[in-house]
Amino acid sequence: MTGTDPTATASDPTIHAAIEAPLHGRRLHPISPIVDVLAWLPRLWPLVLLGVSRSWGPWLLGSVVTAFAVRGALRWSTTTYGFDGRELVVASGLWNRTVRRAPVDRVQQVDVVRKLRHQAFGVAVVQVKLADAGPVGGDITLEVVSMGEAETMKARLEQARRRATLGEAMASAPPPPEHEVVRISDAVLALGGVTGASLMFVPAGVAALASLLDDVRLGDDAERVAADLPLAAAITGFVALSFVTAAIVSVLRSHGYRMTRRATDLVIERGMLERRATVVPIDRVQAVTLSRNLVRRRMGLASVHIATAGRLTGEGSGSANDSVPVVGITDALAVIGIAMGDRIVPPADRAISAAATRRLVLRGAVVAVFVVSWTPFAFGAAWLLVFAPAAALGAWEGRLASRSRRHGIGTDAVTIVRGVFAWRSTIVPLDRVQSWSSTQSPFQRRHELHHVSVHVNGVRTVVVRDITSDHRAALVGALATTATCSDRRSGSVSPRSRDDLRRFGTAR
């Protein structure tokens, strides 16, 4: 590997010596203030407009940029960090001095991120993700360091975490060869873009643009221009633009996607404009989610999100930060098998009761009728006829929801499936569950149904809905029994687990 590869490992001889060197009192890269200014420039576009439209604008813009540069220089001069093999220490602040310490055995994952501004200067950002620490967050970020420093820091953290987890003897042993798990081509990424949420970027952008034009009193002009366009051509162009944009965005986000297995870690590399290398320790995995919408299911595609105990952000499940954005179902199940270690994945073979199904059907019909209840008042009594098809459509949606609402209970994990036209199957290892709770509404008490909420670090609460008392007792019994068991940290997949994964993949 070259010295500029952010995914270099501790076994690389060019890095091995640097791993043993002390990292006390290190500073960020001297280019840090300039990169900091570049990060703020896109947010200063109103000042840029003033700078080109007013005689005093350049002075204002120059003053603001200078202030940001001085701020960045002060932050650089007062920030130091160090790592002694046991804990990462970051000190920052001029007036209020803050020293933050993070033991290495609390590290959830390590990301090396390179946006365009970092690539231009040959630097990187190191993000050390810890368990969620509440509103202040659980991450430690070294904003701008050299590529060599990023490689050294990542390699040291990986080795120290393995030593803390596996012991000195196993951590000192040479790691096994790197094994490629998944590689995604740009063609598959583009296909994932046009079959996923990225397809909504253009409609959302058009809505935002329309609102902006109204704010600046150009909405009428835009409507006149749109009215002059042929309807068929406008619709065709809009649809084509949506598909092309979705494909391009997906490729830019995950270009060169590659997941490899390295000893006890999964290493993910991706991105074009923002290059990211993520190290996910398998023994830190808290839950795994398999997502498939109706189109992807027909095409044999899926996405996988592997959650650790880091802080929940906008880049959670279903976002660009998904562990596997889109891949064939066979590869998706292989990733799940590795992430789950030697735990056996149970199939979601427990459906909700007939009473819960009737409730969902009735609720869907009532909600649909309520949604269209305004139409007779707006368009006349003839629109009362719309109530019947609306109720039928709502009842059909409720029936679909009841068919997909299933769960499975195993000795090592619980599987929860939910969704109507887009399904998510979440696998939660029982030894990762922090707590659980059970609730009942008046309707549920009458039919002896329950919602059971399963709480896991770094994962939004997973709810098993409308289960019977017998299923609730089985689930709570499994949670209570596993709470006293030790963690399973092996990275192998048993033959039985492979069989269960195949059956899991055939379920919706």
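Predicted model only: the values in this text are computed from it and were never measured.

Moving on, we get to the overall build of the chain. For the chain, the count of helices and strands is 19 helices and 21 strands. Relative to its full complement of 508 residues, the chain shows a buried share of 45%. Within the chain, residue pairs in contact and separated by at least 24 positions form 63% of the contacts whose partners lie at least 6 positions apart.

We now examine the sheet that holds strand β19 (residues 433–439). Here 3 strands make up an open sheet; going across it, the order is β19-β20-β21 and the pairing antiparallel. Taken across any chain shown, the strands that pair with only one partner, and hence form the sheet edges, are β19 and β21 (459–468). Direction aside, the axes of adjacent strands within the sheet are offset by 20° on average. In this sheet, strand β20 (residues 449–456) lies alongside β19 in antiparallel orientation, the contact comprising 6 bridges. Of the residues in β20, the one forming a bridge with Val433 is Val456.

The next subject is the packing of aromatic side chains. Scanning all chains against the criterion turns up 3 aromatic pairs. Taken together, a centroid distance of 5.1 Å and an interplanar angle of 40° make the contact between Phe379 and Trp383 tilted. On the basis of relative accessible area, Trp383 is assigned to the partly exposed category, the value being 39%. Arranged with centres 5.9 Å apart and planes meeting at 50°, the rings of Trp396 and Phe421 form a pair that is tilted. Separated by 25 residues along the polypeptide, Trp396 in helix α16 (residues 387–404) and Phe421 in the loop between β17 (413–418) and β18 (422–429) bring together distant segments of the chain. Through successive ring pairs, a cluster of aromatic residues spans Trp374, Phe379 and Trp383. One cation-aromatic arrangement involves Arg27 over Trp76; the distance from NZ or CZ to the ring centre is 5.7 Å.

Glancing now at the environment of Ala307. With respect to the helices and strands, Ala307 occurs in strand β13 (residues 301–307). Residues Ala307 and Val280 lie 27 residues apart in sequence; the distance between their C-alpha atoms is 9.1 Å. Ignoring any residue separated from it by four or fewer positions in sequence, one finds Ala307 in contact with Arg284, Val285, Gln286, Ala287, Gly458 and Val459.

Core analysis: the biggest nonpolar cluster contains 32 residues, and Met259, Val304 and Ile306 have the highest contact counts within it. For this core, the elements supplying multiple residues, two or more each, are β8 (179–183), β10 (265–270), β12 (287–293), β13, β14 (324–328) and α13 (329–339). Looking at this core element by element, the count peaks at 7 residues for α13. With sequence-adjacent residues up to four places away left out, Met259 is seen in contact with Glu180, Val181, Val182, Leu266, Val267, Ile268, Ile306, Ser323, Val324 and Val335.

A word on the pattern of salt bridges. Within this structure, the stated rule accounts for 16 salt bridges. Of the charged contacts in the structure, one is a salt bridge between Arg26 and Glu149, with a shortest N-O distance of 2.8 Å. Note that Arg26 is positioned in strand β1 (residues 26–27) and Glu149 in helix α6 (residues 147–166), a separation of 123 residues in sequence. According to the relative accessible area criterion, Arg26 is partly exposed, its value standing at 27%. Taking relative accessible area as the criterion, Glu149 reaches 15% and is therefore assigned buried.

Below, the discussion takes up the pairing of β18. The buried fraction of β18 amounts to 6 of the 8 residues, a majority that puts the element mostly inside the structure. Taken together, the 6 bridges between β12 and β18 define a ladder with antiparallel strand orientation. From the neighbouring strand, Ser291 faces β18, where its bridge partner is Arg424. Two strands pair when backbone bridges link them, and β17 and β18 are joined in this way by 6 bridges, in the antiparallel orientation. Note on β18: the bridge partner recorded for Val417 is Ser425. The antiparallel hairpin formed by β17 and β18 contains 3 residues in its connecting segment, where Gly419 sits at a positive phi of about 125°.

Looking now at the packing of helix α14 (residues 354–371) against α16. Remark: α14 packs on α16, axes separated minimally by 7 Å, with the N-to-C direction vectors making an angle of 145°. Both α14 and α16 take part in a crossing whose hand is right-handed. The segment α14 lies against α16, with Thr357, Leu360, Val361, Gly364, Ala365, Ala368 and Val369 engaging Phe387, Ala390, Ala391, Gly394, Ala395, Glu397, Gly398, Arg399, Ala401 and Ser402. Taken together, the residues that form the contact of α14 with α16 break down as 10 nonpolar, 5 polar and 2 charged.

Tracing the sequence through the fold places Arg405 in the loop between α16 and β16 (406–409). Judged by its relative accessible area of 17%, Arg405 falls in the buried class. Discounting chain neighbours no more than four positions away, the residues touching Arg405 are Arg350, Ala351, Ile352, Leu360, Arg363, Val417, Arg465 and Asp466.

Let us now look at the confidence of the model for the chain. Averaged over every residue, the pLDDT of the chain is 78; residues scoring 70 or more account for 75%. Counted against residues more than four places away or in other chains, residues 1–23, with its pLDDT under 50, gives 53 contacts. Confidence drops under pLDDT 50 across residues 312–321; counting only partners more than four residues distant or on other chains, this segment forms 19 contacts.

With respect to topology, 4 strands assemble into an open sheet ordered β1-β2-β3-β4, the strand pairing being antiparallel. Each edge of the sheet is formed by a strand with only one pairing partner; in this case those strands are β1 and β4 (98–103). In this sheet, strand β2 (residues 80–83) lies alongside β1 in antiparallel orientation, the contact comprising 2 bridges. Residue pairing across strands places Arg27 opposite Thr80, the latter belonging to β2.

Of all the positions in helix α8 (residues 186–194), only Leu189, Gly192, Gly193 and Val194 are classed as buried. Elements in contact with the buried residues of α8: α11 (231–254), α12 (294–299) and β14.

Turning our eyes to something else, we now look at the environment of Gln119. Within the element layout of this structure, Gln119 appears in helix α5 (residues 116–121). For the pair formed by Gln119 and Arg275, sequence separation is 156 residues and the distance between their alpha carbons is 8.5 Å. Among the polar contacts made by the side chain of Gln119, one reaches the main-chain carbonyl oxygen of Leu273 at a distance of 3.3 Å.

This part takes up the environment of Val65. Take Val65: it is sitting in helix α4 (residues 57–78). Take Val65: its relative accessible area is 25%, and that puts it in the partly exposed class. Spatially, the C-alpha atom of Val65 lies 6.9 Å from that of Val37, the residues being 28 residues apart in sequence. Setting aside residues up to four positions removed in sequence, Val65 forms contacts with Val37 and Leu41.

What counts, and at which threshold
- Residues numbered from 1 in each chain as written.
- Predicted model: local features only at pLDDT ≥ 70, side-chain atom pairs only at ≥ 80, totals over all residues.
- Heavy atoms only, no water.
- Helix = DSSP H or I, 4+ residues; strand = E, 2+ residues; numbered from the N terminus.
- Buried < 20%, exposed > 50% of the residue type's maximum accessible area, 1.4 Å probe, protein only.
- Contact = heavy atoms within 4.5 Å.
- Pairing = 2+ DSSP bridges.
- Axes fitted to C-alpha atoms, helices over the stretch in contact; angles between N-to-C directions.
- Phe/Tyr/Trp six-rings, centres within 6.5 Å; stacked < 30°, edge-to-face > 60°.
- Lys NZ or Arg CZ within 6 Å of the ring centre and 35° of its normal.
- Core = buried A, V, L, I, M, F, W, Y, C linked by side-chain atoms within 4.5 Å.
- Salt bridge = Lys/Arg side-chain N within 4 Å of Asp/Glu carboxyl O.
- Left-handed = near helix turned anticlockwise from the far one by under 90°.
- Nonpolar A, V, L, I, M, F, W, Y, C, P; charged D, E, K, R; others polar.
- pLDDT = per-residue confidence, 0-100.
- Polar contact = N/O pair within 3.5 Å; in protein donor to acceptor, adjacent residues only side chain to side chain.

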